[in-house]
Amino acid sequence: MIRYVDPLADIGEALLSVEKPARYSGGEYGRLAKKDAVLRMLIAFPDLYEIGMSNQAFRILYNRLNGMPGISCDRAFAPAADFERLLREKGLPLYGLDTGISAGHTHVLMFTLGYELGITEVLAMLDVSSIPVHAEKRGEEDPLVIMGGCCVSNPLPYAAFADAFWIGEAEAGFFELASELLELKKRGGGRGALLEKIACHPSVWVKGKKKAVRAVDTAFASRPPLPAVFPVPGMRVVQQHGAVEIMRGCPNGCRFCHAGFWYRPMRQKPLDVVVKEAEAFIEQGGYREISLYSLSSGDYRHIDALAACLDRRFSGRHISFQLPSLKISGFSLSLLEKISRVRKGGLTFAVETPLDEWQLSINKRVPLDDVSAILLEAKKHGWRGAKFYFMVGLPPAGAGEASLIVDFIAGIGRRTGTHCTVSLGIFIPKPHTPYQWAVQIDPEEARRRCEYIRARLLPLGHKVNMPDPLTSVIEGIISRGDAGAGVLIEEAFRAGCRFDAWSEHLRKDIWTDIIGRHEEGVRAWLVPPEEGEGDSGPEQGLTERAWSCIDPLVPPGYLRAEYSRSGSGELTSPCMNNCSHPCGICDKEQGIVENIIQVDTFSHDETPAPELPTVPARAAGPDGKGGSGTSRIVFVYEKTGTAVFHSHLDMVEIFSMALIRARVPVVFTGGFNPIQKIEFVAPLSVGIAALNETASIDTECFCRAGDFAADMNAVLPAGIRIGAARNYLIRNGEKKHSLSSLHWGGAYRKKGRAREDEVKIADEKAYRTNAVQEGLTNLDIVRTAVFARDIHGEKAPYFDVYGALYGEAPVQ
């Protein structure tokens, strides 16, 4: 029998004891998974909700799989320590947020691992769900555990824990494989049959398989728009913006960059597809910020035309666009001006290493003179501040690295007057890159260099963000480790390690002890033998490296050549068709794809990009002309079910995004960061249900309140619904009374009690204090109404008070 978990019924008031219970309550707008599917899948992200909901690989899998008839793909995130304890105390498994299905009662449980240090959370998520941590101990009733993501380019450290590994991009065959699994289930196929089918795929690696070939999405640049919009987060997440991938892969060949080699070749989406996907995130998701992301956005062909098109289309709607990963040679302030009219933040420069000759060695150029010139020009246009990334311990860098980084930033400060934020990282050699043979810097030496940089730059007014050297050691162990690294991972998990990527959660004592007890193996992974001492020198090839079971489609010979070019400080030119230094990735089936839209097509107003949906017709104002003053809608709404776990700030975000989805012409504030003019009366404590909360919005034109309510209810998440709504016109010269300035108090009662048991009180806190004394929690309380003060200071419904103040009969 399939087990489902209902957060309200099965956890109830105990959810109020954990931080941010909305992480675990579900109910978001745009949920797609269903209960009655033949093939039950679940995508699990080994970090907190607010991190995982920002992950695009996670969202692509969720949206594509749920679009396939017969397949349901629910989603789950790593439980924070307090919630993991709660699940264990109650004997509950990790569950999907859409349907509540137990992770252990799915057919296929997928983990996407984008960072090596998430692996202890993978084990915790398995264990709390009563799924054996070791693949060999799983039985017919357990799900198949598949891991994917860029970190599994070396699957050996995780091999004991996963049944199979998807190598490469999911769009290149994984969804077809899921369709085949569905057909197997329809014919009654069990776990063994599913695993056999999975293991046969050329891009799947399982223990004992000699080689798996990286899957490359050759249709990336030719596929019609498929934006991964849903679900829309129910609370503010780390990257609260829609993400449109404009390009996959990178042409630049930075020798330290794992992603740059792993995602070859470069493929660019057509400009019209990018515009349509951005439009979907705005219209269907309600996002006001859109990130046009890639590994190197400045290399997108006709990026200026794209920015101009987006600026023309959305500039009047308070939409902001971001272009991360711009390199110096592709930097254009005019470009940034076009995409950042709504908000101007700081500029970011990934310098990596300070000396010109060291930059040549890593195949990247970020000259000090160019950076200074850009910053001087940027200050004239209102840009604030600058952020710099440096990587300590790169192969070409010597003992003077720290002082040279200080000199670089101090020089920027002197030339431009800019106070910089410097984020330091520690270089970690990665598989399938030219530096896979490199020695990782000693952690104490890394600490010394970072502390030197901070000590010298802080007095100059710069901010320095420091890495934890122990974290880099753990990442290095897992990155180039073999199956033996899995032993360390499991020991750390059993000892209580969780969220190792978070400095506040890293259990340094445990990891230091484990590393000390495995010193010989750790040294072999972090400090490979010198050339000629073993098989790890460039001349010895890759045949016996831990990750040689994976074919990245970039052959070892090319990586060896790049390693040698690094030593001599030679630049390799960017990838292009018919290049003079072929890496082997391009063939008859795949190759570099550039955006081929004619630039002049998008250089004038008659853009062929799709028209936005028509804004719903708005009625004339009460005076027949739209009125002379402020159009305000006052409305009441309910907050019930799992929505009670949303905080006040969550509610602000939920309504703000719903207003965009409903195409309501809400008024925005002015200033650097304009926000919608929406007001809520008396924020409600988490856990308390509400039946008639009151809020208001100001609109740019008169909108019928009834139409507003209907449009909003179509796009609000579960448990939140607008009831009555009325129009008011505050004429010019009349005082604008805010809802909070008129607030009297509210009516409360215990759940299940009759209306005559209501208590009308001005102070919610006082009512809750009395309720606690009676042994009640917030989940036992309902606020049935909020009241305003009338001209006599007596409580009255807000609708009546507003009607009396402004002399207008409500228009419904």
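Cut-offs used in this document
- Residues numbered from 1 in each chain as written.
- Predicted model: local features only at pLDDT ≥ 70, side-chain atom pairs only at ≥ 80, totals over all residues.
- Heavy atoms only, no water.
- Helix = DSSP H or I, 4+ residues; strand = E, 2+ residues; numbered from the N terminus.
- Rg over C-alpha atoms; globule rule 2.2 N^0.38 Å.
- Buried < 20%, exposed > 50% of the residue type's maximum accessible area, 1.4 Å probe, protein only.
- Contact = heavy atoms within 4.5 Å.
- Areas by Shrake-Rupley, 256 points an atom, 1.4 Å probe, with all protein chains shown as cover.
- Lys, Arg positive; Asp, Glu negative; His and termini not counted.
- Charge placed at Lys NZ, Arg CZ, Asp CG, Glu CD.
- 1 Å grid on protein atoms, 1.4 Å probe; cavity = no way out; pocket = protein on both sides within 12 Å on 5 of 7 lines; lining within 4 Å.
- Points joined across faces, edges and corners; volume = space filled by probe spheres on them.
- Nonpolar A, V, L, I, M, F, W, Y, C, P; charged D, E, K, R; others polar.
- Pairing = 2+ DSSP bridges.
- Axes fitted to C-alpha atoms, helices over the stretch in contact; angles between N-to-C directions.
- Phe/Tyr/Trp six-rings, centres within 6.5 Å; stacked < 30°, edge-to-face > 60°.
- Expected span 1.5 Å × (residues − 1).
- Disulfide = S-S within 2.5 Å.
- Polar contact = N/O pair within 3.5 Å; in protein donor to acceptor, adjacent residues only side chain to side chain.
- Salt bridge = Lys/Arg side-chain N within 4 Å of Asp/Glu carboxyl O.
- Arc of directions from axis to C-beta.
- pLDDT = per-residue confidence, 0-100.

Peer 1: Which residues make up the overall build of the protein, and what values go with them?
Peer 2: Check the secondary structure of the protein and you find 24 helices and 25 strands. Over its C-alpha trace the protein gives a radius of gyration of 29 Å, about what one expects of a compact globule, namely 28 Å for 812 residues. Relative to its full complement of 812 residues, the protein shows a buried share of 58%. Within the protein, contacts between residues separated by at least 24 positions form 78% of all contacts whose residues are at least 6 apart in sequence. On the protein, roughly 32,200 Å² of surface is accessible, and the fraction owed to carbon and sulfur atoms is 50%. Across the protein, the centroid of the 93 positively charged side chains sits 3 Å from that of the 99 negatively charged ones.

Peer 1: Tell me what's going on with the layout of surface pockets, and back it up with residues and numbers.
Peer 2: Remark: the empty space left among the atoms is shown by a probe the size of a water molecule rolled over them. Estimates place the volume of the second largest pocket at around 590 Å³. Looking at the lining of the second largest pocket, the element that brings in the most residues is helix 21 (residues 648-661), giving seven residues. Of the residues belonging to the lining of the second largest pocket, the class tally is 13 nonpolar, seven polar and seven charged.

Peer 1: So what's going on with unusual backbone geometry? Which residues, and what values?
Peer 2: Cis rather than trans, the peptide bond between Phe-230 and Pro-231 has omega equal to -10°. Position of Pro-231 relative to the elements: it lies in the loop between strand 7 (212-213) and strand 8 (242-245). Of note, the bond from Arg-264 into Pro-265 is cis; its omega dihedral lies within 30 degrees of zero at 0°. Inspection of the secondary structure puts Pro-265 in the loop between helix 8 (258-262) and strand 10 (267-268). Here the phi dihedral of His-318 falls at roughly 60°; this positive angle occurs in a residue that is not glycine. A positive phi angle, close to 60°, is found at Arg-663, a residue other than glycine. Relative to the elements of secondary structure, Arg-663 occurs in the loop between helix 21 and strand 19 (678-680). Given the relative accessible area of 15%, Arg-663 is considered buried.

Peer 1: Before we move on, can you summarise the sheet that holds strand 16 (residues 463-465) with the specific residues and values?
Peer 2: Whenever strands of a sheet pair, they do so through backbone hydrogen bonds, lying parallel or antiparallel. Across the sheet, which stays open at both edges, the four strands sit in the order 13-14-15-16 with parallel pairing between neighbours. Two strands bound the open sheet, and with one partner strand each, they are strand 13 (347-352) and strand 16. Direction aside, the axes of adjacent strands within the sheet are offset by 20° on average. Bridge analysis of strand 15 (residues 420-426) against strand 16 gives three bridges, and the strand direction is parallel. In the strand pairing of strand 16, Val-422 is matched with Val-464. Along the sheet, helix 14 (residues 401-416) contacts strand 13, strand 14 (386-392) and strand 15; its crossing angle with strand 14, the most-contacted strand, is approximately 170°.

Peer 1: Hey, could you go over the packing of aromatic side chains for me, with residue numbers and the actual values?
Peer 2: Going through the model one piece at a time under the given rule, you end up with 27 aromatic pairs. Taking 5.9 Å as the distance between ring centres and 65° as the angle between the ring planes, the aromatic pair formed by Phe-281 and Tyr-287 counts as edge-to-face. For the pair shown, Phe-281 and Tyr-287 are each scored as buried. Between Tyr-728 and Tyr-802, the ring centres sit 5.2 Å apart and the planes meet at 65°, which makes this aromatic pair edge-to-face.

Peer 1: Just give me the short version of the environment of Ile-405, but keep the residues and values in it.
Peer 2: Mapped onto the elements, Ile-405 comes out in helix 14. Judged by relative accessible area, Ile-405 falls into the buried class, the value being 0%. Taking C-alpha positions, Ile-405 is 7.3 Å from Thr-353, a pair spaced 52 residues apart along the chain. Apart from residues no more than four positions distant in its own chain, Ile-405 is found in contact with Pro-354, Phe-390 and Ile-453.

Peer 1: Describe helix 9 (residues 271-285), naming the residues involved and giving the relevant values.
Peer 2: The first and last C-alpha atoms of helix 9 sit 20 Å apart over 15 residues, in line with the 21 Å expected at 1.5 Å per residue. Taken across its 15 residues, helix 9 has 12 buried, putting it largely inside the fold. For helix 9, the full list of buried residues reads Leu-271, Val-273, Val-274, Val-275, Glu-277, Ala-278, Glu-279, Ala-280, Phe-281, Ile-282, Glu-283 and Gly-285. Just beyond helix 9, the residue with positive phi is Gly-286, at close to 85°.

Peer 1: Any chance you could break down the state of the cysteines for me, citing the residues and the numbers?
Peer 2: For the coordinates displayed, the defined rule picks out zero disulfides. Left unpaired, Cys-254 is separated from the closest cysteine sulfur, that of Cys-250, by 6.1 Å. Look at Cys-254 and you get buried, because its relative accessible area is 14%.

Peer 1: Before we move on, can you summarise the sheet that holds strand 8 with the specific residues and values?
Peer 2: Taken together, the three strands give an open sheet; going across it, the order is 8-11-12, and neighbouring strands pair in parallel fashion. Where the open sheet ends on each side, the last strands, each with one partner, are strand 8 and strand 12 (320-322). On average, each strand axis in the sheet is tilted by 25° relative to the strand beside it, whichever way the strands run. In the sheet, strand 8 pairs with strand 11 (residues 289-293) via four bridges, with the strands oriented parallel. Paired with Gly-242 across the bridge in strand 11 is Ile-290. Helix-sheet contacts for helix 9 involve strand 8, strand 11 and strand 12, and the interaxial angle to strand 8 is about 165°.

Peer 1: Describe in detail the side chain of His-462, supporting the description with residues and values.
Peer 2: Tracing the backbone through its elements, the reader meets His-462 in the loop between helix 15 (443-457) and strand 16. Classification of His-462 by relative accessible area gives buried; the value is 5%. In this structure the side chain of His-462 is engaged in a polar contact, spanning 3.0 Å, whose partner is the backbone nitrogen of Cys-420.

Peer 1: Run through the pattern of salt bridges, naming residues and quoting values.
Peer 2: If the charged atoms of two oppositely charged side chains come close together, the side chains can form a pair. Counted according to the given criterion, the structure contains 42 salt bridges. Between Asp-513 and Arg-517 there is a salt bridge, and its shortest N-O distance comes to 3.1 Å. With a gap of four residues between them, Asp-513 and Arg-517 both fall in helix 18 (residues 508-517), about one helical turn apart. By relative accessible area, which is 42% here, Asp-513 ends up partly exposed. The salt bridge partner of Arg-565 is Glu-570, with a shortest N-O separation of 3.5 Å. Arg-565 sits in the partly exposed class, given a relative accessible area of 26%.

Peer 1: Summarise helix 7 (residues 191-199); cite the residues concerned and give the values.
Peer 2: Within helix 7, the full set of buried residues consists of Arg-191, Leu-194 and Ile-198. Taken around the axis of helix 7, the buried residues stretch over an arc of 65°, which confines them to a single face.

Peer 1: Give me the environment of Pro-469: which residues, what numbers.
Peer 2: Mapped onto the elements, Pro-469 comes out in helix 16 (residues 469-480). According to the relative accessible area criterion, Pro-469 is buried, its value standing at 4%. For Pro-469 and Arg-23, which are 446 residues apart along the polypeptide, the C-alpha to C-alpha distance reads 30 Å. Not counting residues up to four positions away in its chain, the partners in contact with Pro-469 are Ile-426, Pro-443 and Arg-447.

Peer 1: For the confidence of the model for the protein, give the residues involved together with the corresponding values.
Peer 2: Predicted coordinates in regions of low pLDDT should not be interpreted in detail. The predicted model of the protein has a mean per-residue pLDDT of 90, with 91% of residues at 70 or higher. Low pLDDT, under 50, characterises residues 531-543; the stretch is placed with 26 contacts to residues that sit more than four places away or in other chains. Below pLDDT 50 for its whole length, residues 602-626 participates in 55 contacts with residues either more than four positions away or in separate chains.

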